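Below, each chain spelled out in residue letters.
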Amino acid sequence: MMENPKDRALNLFDIRWMWSMFGTAIGAGILFLPIKAGMHGFWPVVVMAFLSFPMTWLSHRALARFVNAIGNHDITHAATYLGKNAGFIITFVYFFTFYPICLAYGVGITNTAESFFAHQLGLNYFEHNRFFLAEHLVSGMIFVMIFNTTIVTRVANLLVYPMALILLLFSFYLIPYWKSAMLKEIPTFGGFFAALWFTLPVLVFSFNHSAIISTFAQAVERRYGALKHFKTNQIELLNTSLLLFFVMFFVFSCILCLEPADFIKAREQNIPILSYFANTLGNPIIGYTGPIVAFLAISTSFFGHYYGAKEGLKGLVVQTFLKDKLSPSRHRQIDICVTLFLWISIILVSYYNPSILGFIESLGGPALATITFILPIVAMYLLPSMKDFRNPWVDGFLLIVGVLTVLNAIIGLVFK
């Protein structure tokens, strides 16, 4: 396809993809980032805002280039280019990118519903019947996914935009509650570094939209041909700018009207920030809309992550136990077994109520960092087709972020 100079200008195709990636990134993660970031005060969050931009833009651009380099396939097809063992490891990490988040969302939606019933409706029935609540909520979400994944994901994507608008309005609504006291608290250099390092997994998770990058890279390749890398960079740059404003404005607005102790309480209660505001602001509108928006955000995010977890687990089963070409009946058997495993495990974890942020910090964030930050850089120095994109400064920055995020989880697990 010949390059058309007019294609360099932004057009409707580019804007649609910008909003699609924005919608993929905006989900339940934004409801937990303020809790983690707010525990360390205001000024470390300012530094996080500056770091988030290059982290998000450069890492997702590198991932899109990697997708182009492996023939515009999903990243689980990397085995064809990096070897069978590397392909299995990537599929394993891919599964653990999505599965822990499904578990966290199962806990999150159960706690959001339980908190809503108890605080807004005055019904304490589910305090002693948590398994019943978890089983019905998780079963409902998985039941919907069984029938028509395409319709469900499209509806979920459509719901993202009104939810995003509500969250933006909520950010503005909180402005009168802002307190200047937090601006006077400046941590030491060590405190800054610790705050940034400990928040990295949740930060990576909250801005991540890697789930749509394969589809995006393929669409740009078909539309622009030789101009694909220029357009990928342009669209991703605009998307990251929009994400940075939206996410960080929400985070700043939350942390400026609460004390660090409030975020500790929110973490202990294991609920999203909107549910905490609903229970503490004393505003009936926030009291009802906050949990509902949180419920919808977790539900829509769950659908995308569940589909990724299911595909990842099925890939692991096929690569581990089955060598021959699968018949349609064997595919159905594997699908049923994978669905049953996910259904049972998510219900049980939702019932036991472990820390949501713990899942993100220990598993979800580091796995995402491996796929988004480490994999494209390693591939860049292994695949000849990516050598033109090598940049030691950029590559070093992304690799350091990815390694620090993974180390954060390893150290946390070892010394916990």
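The coordinates are above.
Residues numbered from 1 in each chain as written. Predicted model: local features only at pLDDT ≥ 70, side-chain atom pairs only at ≥ 80, totals over all residues. Heavy atoms only, no water.

S.K.: Any chance you could explain the overall build of the protein chain here in plain terms?
M.R.: On a plain count of helices and strands, the protein chain comes out with 16 helices and zero strands. In terms of C-alpha radius of gyration, the protein chain reaches 21 Å, essentially the compact-globule figure of 22 Å for 416 residues. Evaluated residue by residue, the protein chain yields a buried proportion of 54% over its 416 residues. Carbon and sulfur atoms make up 69% of the accessible area of the protein chain, which amounts to about 18600 Å² in all. Of the side-chain charges in the protein chain, 26 are positive and 19 negative, and the distance between the mean point of each set is 7 Å. (Helix = DSSP H or I, 4+ residues; strand = E, 2+ residues; numbered from the N terminus. Rg over C-alpha atoms; globule rule 2.2 N^0.38 Å. Buried < 20%, exposed > 50% of the residue type's maximum accessible area, 1.4 Å probe, protein only. Areas by Shrake-Rupley, 256 points an atom, 1.4 Å probe, with all protein chains shown as cover. Lys, Arg positive; Asp, Glu negative; His and termini not counted. Charge placed at Lys NZ, Arg CZ, Asp CG, Glu CD.)

S.K.: Any chance you could explain helix α5 (residues 84-120) here in plain terms?
M.R.: Helical periodicity: at 3.6 residues per turn, an α-helix aligns residues three or four positions apart in one direction. A rise of 1.5 Å per residue sets the reference length of α5, with its 37 residues, at 54 Å; its end C-alpha atoms lie 53 Å apart and thus fit the reference within 8%. Of all 37 residues making up α5, 28 are buried, and the element is well covered by its neighbours. Downstream of α5 by one or two residues, Gly 122 has phi in the positive range, about 70°. (Expected span 1.5 Å × (residues − 1).)

S.K.: Would you take a moment to explain the environment of Ser 115 for this structure?
M.R.: By the secondary structure assignment, Ser 115 is in helix α5. Along the backbone, Ser 115 and Tyr 276 are 161 residues apart, and their C-alpha atoms lie at a distance of 9.0 Å. When residues no more than four places from it in sequence are discounted, the contact partners of Ser 115 are Gln 120, Ile 271 and Asn 279. (Contact = heavy atoms within 4.5 Å.)

S.K.: Is there a simple way to explain the environment of Pro 187 in this structure?
M.R.: With respect to the helices, strands and loops of the structure, Pro 187 is situated in the loop between α7 (149-173) and α8 (189-207). With relative accessibility at 25%, the residue Pro 187 sits in the partly exposed group. Residues Pro 187 and Ser 241, spaced 54 residues apart in sequence, show a C-alpha to C-alpha distance of 27 Å. Excluding its chain neighbours within four sequence positions, the residues that come into contact with Pro 187 are Pro 44 and Phe 192.

S.K.: Help me understand the pattern of salt bridges, please; the structure alone is not making it clear to me.
M.R.: Pairing between side chains becomes possible if they bear opposite charge and their charged atoms approach one another. Scanning the entire structure with this criterion turns up seven salt bridges. One salt bridge connects Asp 335 with Lys 314, and the closest N-O pair in it is separated by 3.3 Å. With a gap of 21 residues between them, Asp 335 in helix α14 (residues 328-352) and Lys 314 in helix α13 (residues 284-321) connect regions that are remote in the sequence. Looking at Lys 314, the relative accessible area reads 13%, which means it is buried. (Salt bridge = Lys/Arg side-chain N within 4 Å of Asp/Glu carboxyl O.)

S.K.: Would you explain unusual backbone geometry in this entry?
M.R.: The general pattern is negative phi for most residues beyond glycine and trans for most peptide bonds. With phi around 65°, Asn 270 is a residue other than glycine that occupies positive phi space. Structurally, the position occupied by Asn 270 is in the loop between α11 (260-269) and α12 (273-280).

S.K.: Teacher, can you tell me more about the state of the cysteines here?
M.R.: Covalently bonding the sulfur atom of one cysteine to the sulfur atom of another cysteine gives a disulfide. Considering all chains together, one arrives at zero disulfides under this definition. A disulfide-free cysteine, Cys 257 has its sulfur positioned 6.1 Å from the sulfur of Cys 254, the nearest such atom. Considering cysteine sulfurs only, Cys 102 is the nearest to Cys 337, which forms no disulfide, with 18 Å between them. Assessed through its relative accessible area of 53%, Cys 337 is described here as exposed. (Disulfide = S-S within 2.5 Å.)

S.K.: Whenever I open this one, the environment of Arg 61 confuses me. Can you help?
M.R.: Inspection of the secondary structure puts Arg 61 in helix α3 (residues 43-69). Counting along the chain gives 172 residues from Arg 61 to Asn 233, while the straight-line C-alpha distance between them is 6.2 Å. Those residues within four positions of Arg 61 in sequence are excluded, and the remaining contacts are Asn 233 and Glu 236.

S.K.: Sorry, what's going on with the nonpolar core here?
M.R.: General note: in soluble globular proteins, nonpolar side chains tend to be found buried as a group. Among the nonpolar cores identified, the biggest contains 130 residues, and Ile 26, Leu 31, Val 247, Phe 250, Phe 277 and Phe 302 are the most heavily contacted of them. Considering every element that reaches this core, the biggest residue donor is α5, with 14 residues. Once residues within four sequence positions are removed from consideration, Phe 277 is found in contact with Phe 170, Leu 174, Cys 254, Cys 257, Leu 258 and Ile 286. (Core = buried A, V, L, I, M, F, W, Y, C linked by side-chain atoms within 4.5 Å.)

S.K.: Sorry, what's going on with a nonpolar patch on the surface here?
M.R.: A surface patch of nonpolar side chains, about 650 Å² in accessible area, is lined by Leu 121, Leu 123, Ile 151, Val 155, Leu 159, Tyr 288, Ile 292 and Leu 296. Broken down by secondary-structure element, the contributors of at least two residues to the nonpolar patch are α7 and α13. As for its position among the elements, Ile 151 is in helix α7. (Patch = residues over 30% accessible without salt bridge, like charges linked within 9 Å, V, L, I, M, F, W, Y side chains within 5 Å.)

S.K.: I would appreciate a short explanation of the layout of surface pockets in the present structure.
M.R.: Summary: where empty space remains is shown by rolling a probe the size of a single water molecule over the atoms. In this structure, the second largest pocket spans a volume of roughly 390 Å³. Surrounding the second largest pocket, 21 residues form its lining, Ile 89, Val 93, Pro 366, Ala 367 and Thr 370 being those nearest its centre. Elements with a minimum of two residues in the lining of the second largest pocket: α5, α15 (356-380) and α16 (392-415). If you tally residues by element for the lining of the second largest pocket, the top one is α15, at nine residues. Residue composition of the lining of the second largest pocket, by class: 19 nonpolar, two polar and no charged. (1 Å grid on protein atoms, 1.4 Å probe; cavity = no way out; pocket = protein on both sides within 12 Å on 5 of 7 lines; lining within 4 Å. Points joined across faces, edges and corners; volume = space filled by probe spheres on them. Nonpolar A, V, L, I, M, F, W, Y, C, P; charged D, E, K, R; others polar.)

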